[in-house]
Amino acid sequence: MRPPSYKHVADELAAAIRAGTLPAGTRLPPHRALARQRGIAVATATRVYAELAARGLVVGEPGRGTYVRHPSGYDGPEPSRALPVPRVADLSFNQPLADGQADELRRALRALSTSGDVEALLRQHPPGGRRQDRAVVATYLLERGIDAAPADVLLTGGTQQALDVVLRALTRPGDVLAADGLSYPGIRLLAAAHGLDLAPVPVTSSGPDLDALDRLCRARRVRAIYTMPTVHNPLGWVLDAERRARLAAVARAAGCLVIEDGTYAFLETAAPPPLRELAPERTCYVASLSKNVATGLRFGFAVVPARHAAALTGALRTTTWGTPGLVTAVATGWITDGTVARLERARRADAAARQETAREALAGMDVTAHPASYSVWLRLEPHQRPDHVAAVLAEEGILVSTGDAFAIGPSRPRALRLALATPPPGELGPALRRLRRAVDAIPP
């Protein structure tokens, strides 16, 4: 009998990992043991593990072996957010709020309480939202350069749910989903949940390596490309018009979908047109009001090609059925009366000021950031392990995210992602200077 190819063995192990038969943290057999078990050559076993690593399913640790990766991006349990000392700063998650937003919410709720049909807020809204609410979002999106009919706009409970229903409706287990080698951690969780092969695209200083993406699409049947072309998380880049046109052309030639994440796009007012406008027949644009208004306002949207609207509406029906009436009323009310536009202007000014604070506090360190974003990518020295640095900072009362959480493929970035939005403005500079002293003090 002909021995199974490395691809066949890799597919079987990948299926076991996704099914939970091989849970996170499982140590896989050494290469020679796997070769004996499967009746393959040792070199073929090596190719099996290389393939699983490329899919982001396992990680090899020199001297220890090959382990199943945790879908969250960490190679073990999620780290505790409880610190051993009083908290100084949370730089692990962006939760921007402005002074006075609580009062704005009180005013909005009082206005709703005296509106004509309060009872309508308690009735079931249809999957994807009411037409009048979708029209409000469609009008709002014109400011982002997106001209979409209300029927192509579906309301969701945030960007994560928008991504979930797009993948639920338009992909099948085993499909290939391409994503930047460093990207939003939530896409990996969703890919694992939907049984997708997540294929990393190498990144450059100015965006994804589009030659590598083209080669990937020619070598494999890629179903969708997930991308953040405007204010990328975590690297902050904004793709220029030429790169956007090339990305759209690659997707069109490959016949695959584009999933464009615009969560942080509001921070850049001079970006080229969204991919949705370059390839509307295949692009799903997702975003929310989490970063520009409040993370607790779970209100998002997906702008989809007309031919896919029914499928996504069905996916929404199977998850939450309809959008929350009260949240939708607050969100659309704030869009209509200009509150969202005003908050976005304030966020842009706030993010730029925080970046200036970060540049001063971290001067001389190896950092990458958009000049008006809420994130900094801090590369560490060769002797500094990200997990160890994060533990040292926790002892200082500072929470950070390690680069592992953003890694799509087998690469283990020696970096931290610093989220700047949560600390009060007056506390950010001292916290970053304290972080710098702690990192600099780590001996070789």
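1. Here we look at the overall build of the protein chain
Reasoning step 1: If you tally the helices and strands in the protein chain, you get 15 helices and 17 strands.
Reasoning step 2: Taking the principal axes of its C-alpha atoms as reference, the protein chain extends roughly 75 × 55 × 40 Å.
Reasoning step 3: Burial analysis of the protein chain (444 residues in total) assigns 53% to the buried set.
Reasoning step 4: Long-range contacts, defined as pairs at least 24 residues apart, comprise 73% of the intrachain contacts of the protein chain with a sequence gap of at least 6.
Reasoning step 5: Per element, the accessible surface of the protein chain, about 19300 Å² overall, is 55% carbon and sulfur.

2. A word on the sheet that holds strand β14 (residues 375–379)
Reasoning step 1: Strand order in the open sheet made by the 4 strands is β13-β14-β17-β16, with antiparallel pairing throughout. Each edge of the sheet is formed by a strand with only one pairing partner; in this case those strands are β13 (366–368) and β16 (401–402).
Reasoning step 2: Lying on the sheet, helix α14 (residues 386–395) is in contact with β16 and β17 (415–419); it crosses β17 at an angle near 40 degrees.

3. Quick notes on the pattern of salt bridges
Two side chains that carry opposite charge are able to pair once their charged atoms sit near each other.
Reasoning step 1: Under the definition given, this model contains 19 salt bridges.
Reasoning step 2: Arg 246 is the salt-bridge partner of Asp 211, the closest N and O atoms lying 3.0 Å from each other. In this pair, Asp 211 is assigned in helix α8 (residues 210–219) and Arg 246 in helix α9 (residues 241–254), connecting sequence segments 35 residues apart.
Reasoning step 3: Judged by its relative accessible area of 44%, Asp 211 falls in the partly exposed class.
Reasoning step 4: According to the relative accessible area criterion, Arg 246 is partly exposed, its value standing at 32%.

4. Quick word on helix α11 (residues 309–319)
Reasoning step 1: Turning to α11, its buried residues number three or more, namely Ala 309, Leu 312, Thr 313, Ala 315 and Leu 316. One side of α11 holds all its buried residues, which, seen down the axis, span an arc of 160 degrees. Along α11, the residues that are exposed and aim more than 90 degrees away from the buried face are Ala 310 and Thr 318.
Reasoning step 2: Contacts made by the buried residues of α11 are with β4 (153–156) and α6 (159–170).

5. Description of the sheet that holds strand β5 (residues 176–180)
Reasoning step 1: As summarised here, the arrangement of the 7 strands in space is β4-β12-β11-β10-β9-β5-β6, forming an open sheet in which the pairing is mixed. Each edge of the sheet is formed by a strand with only one pairing partner; in this case those strands are β4 and β6 (197–201). When the angles between neighbouring strand axes are averaged without regard to direction, this sheet yields 20 degrees.
Reasoning step 2: Relative to strand β12 (residues 300–303), β4 runs antiparallel, the two being bridged by 4 bridges. Looking across to β12, one finds that Thr 156 is bridged to Gly 300.

6. Overview of the state of the cysteines
Reasoning step 1: The final tally for this structure, using the stated rule, is 0 disulfides.
Reasoning step 2: Free cysteine: Cys 256, not disulfide-bonded; nearest cysteine sulfur from Cys 217 at 4.7 Å.
Reasoning step 3: Taking relative accessible area as the criterion, Cys 256 reaches 1% and is therefore assigned buried.
Reasoning step 4: Residue Cys 284 stays outside any disulfide, its sulfur separated by 12 Å from that of Cys 256, the closest cysteine.
Reasoning step 5: Cys 284 sits in the buried class, given a relative accessible area of 0%.

7. Digging into helix α12 (residues 325–336)
Reasoning step 1: Taking 1.5 Å as the rise per residue, α12 with 12 residues should run 16 Å; its terminal C-alpha atoms sit 16 Å apart, in good agreement.
Reasoning step 2: Buried residues of α12: Gly 325, Thr 328, Ala 329, Val 330, Ala 331, Thr 332, Trp 334 and Ile 335, and no others.
Reasoning step 3: Residues of α12 that are buried make contact with α4 (101–113), α5 (131–141), β4 and α13 (339–361).
Reasoning step 4: Immediately downstream of α12, the backbone of Gly 338 shows phi near 90 degrees, a positive value.

Scoring rules and cut-offs
- Just so you know, the residues in each chain are numbered from 1, in the order the chain's sequence is written.
- Per-residue local features are limited, in this predicted model, to residues with pLDDT of at least 70; the limit for side-chain atom pairs, both in listing and counting, is 80 or more; totals at the level of whole chains, interfaces and linings are taken over all residues.
- The side-chain quantities take in all heavy atoms of the structure and omit both hydrogens and water.
- What counts as a helix is a DSSP run of H or I of at least four residues, what counts as a strand is a run of E of at least two, and both are numbered from the N terminus.
- For the exposure calls, accessible area comes from a 1.4 Å probe over protein chains only, and a residue counts as buried if that area is under 20% of its type's maximum, exposed if over 50%, partly exposed in between.
- Contacts are assigned to residue pairs that have any heavy atoms within 4.5 Å of one another.
- The Shrake-Rupley method, run with a 1.4 Å probe, gives the accessible areas here. Residue values count only the displayed protein chains as cover.
- What makes two strands pair is DSSP finding at least two bridges between them.
- Inter-axis angles, ranging from 0 to 180 degrees, are taken between N-to-C directions of lines fitted to C-alpha atoms, where helices are fitted over the stretch in contact.
- The rule for a salt bridge is simple: a side-chain nitrogen of Lys or Arg has to be within 4 Å of a carboxyl oxygen of Asp or Glu.
- Of all possible arcs, the one meant is that of the directions from the helix axis to the C-beta atoms.
- We call a pair of cysteine sulfur atoms a disulfide when they lie within 2.5 Å.
- An expected span of 1.5 Å times one less than the residue number is assigned to each helix.

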